[in-house]
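# Summary of the model geometry
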Amino acid sequence: MADGKKIKITQTGSPIGRTDDQRATLVGLGLNKRHRVSVLDDTPAVRGMINKVRHLVRIDEEAR
């Protein structure tokens, strides 16, 4: 999975009213405001973080 692959995610939901761990997960993904984009390595750890806040983010593309 990690062989240089990247994943592009966009924050679509607001962290207002969310739990502290969901806010911290967004910050860990490099997101803090709506419509911000972050390109990260496609690793199991990042996939787990995305899964935790999947209702607040959108996966735009899975690039190499």
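Everything below is about the structure printed above this text.
Just so it is clear, the structure is predicted and the values come from calculations on it, not from any experiment.

### Side note on the pattern of salt bridges
Taken as a whole and judged by the stated rule, the model has 4 salt bridges. A salt bridge links K6 to D41, with the shortest nitrogen-to-oxygen separation between them at 2.7 Å. With K6 in strand β1 (residues 6-11) and D41 in strand β2 (residues 37-41), this pair connects stretches of sequence that are 35 residues apart. Taking the relative accessible area as the measure of exposure, K6 reaches 33% and is therefore partly exposed. Overall, the relative accessible area of 39% leaves D41 in the partly exposed class.

### Here's the deal with unusual backbone geometry
Of note in this structure, H35 is not a glycine but carries a positive phi near 70°. By relative accessible area, H35 is classed as exposed at 58%.

### Some thoughts on the environment of Q11
Following the sequence through the fold, Q11 ends up in strand β1. C-alpha of Q11 to C-alpha of R47: the two residues are 36 residues apart in sequence and 15 Å apart in space. In contact with Q11, not counting residues within four places along its chain, are L26, L31, N32, K33, R34, H35, R36, L56 and V57. Side-chain polar atoms of Q11 contact the backbone nitrogen of K33, separated by 3.3 Å.

### Here's the deal with the nonpolar core
Side chains of a nonpolar character, in soluble globular proteins, are inclined to be buried together. I7, I9, L26, L29, L31, V46, I50, V53, L56 and V57 form the largest nonpolar core, which has 10 residues in total. Going through the elements one at a time, β1 and α2 (44-52) are the ones with two or more residues in this core. Beyond its immediate stretch of four places on either side in the chain, L31 contacts I9, Q11, L26, R36, V37, S38 and V57.

Each value, and the rule that gives it
- All residue numbers here refer to positions counted from 1 along the written sequence of the relevant chain.
- Local features in a predicted model are, by the rule used here, given only for residues with pLDDT of at least 70; side-chain atom pairs are given and counted only at 80 or more, and totals for whole chains, interfaces and linings are based on all residues.
- Only hydrogens and water are set aside when side-chain values are computed; all heavy atoms of the structure are taken into account.
- Salt bridges, as used here, are contacts in which a Lys or Arg side-chain nitrogen is within 4 Å of a carboxyl oxygen on Asp or Glu.
- A run of DSSP states H or I qualifies as a helix once it reaches four residues; a run of E qualifies as a strand once it reaches two. Both are numbered from the N-terminal end.
- Exposure categories follow from relative accessible area, calculated using a 1.4 Å probe and restricted to protein chains: below 20% of the type maximum is buried, above 50% is exposed, and the middle band is partly exposed.
- Note on contacts: a residue pair is in contact if any heavy atoms of the two residues lie within 4.5 Å.
- Nitrogen and oxygen atoms within 3.5 Å of one another constitute a polar contact, given that in protein one can donate a hydrogen and the other can accept it, and given that sequence-neighbouring residues count only through two side-chain atoms.
- Buried Ala, Val, Leu, Ile, Met, Phe, Trp, Tyr and Cys residues that are joined via side-chain atoms within 4.5 Å together make up what is termed a nonpolar core.

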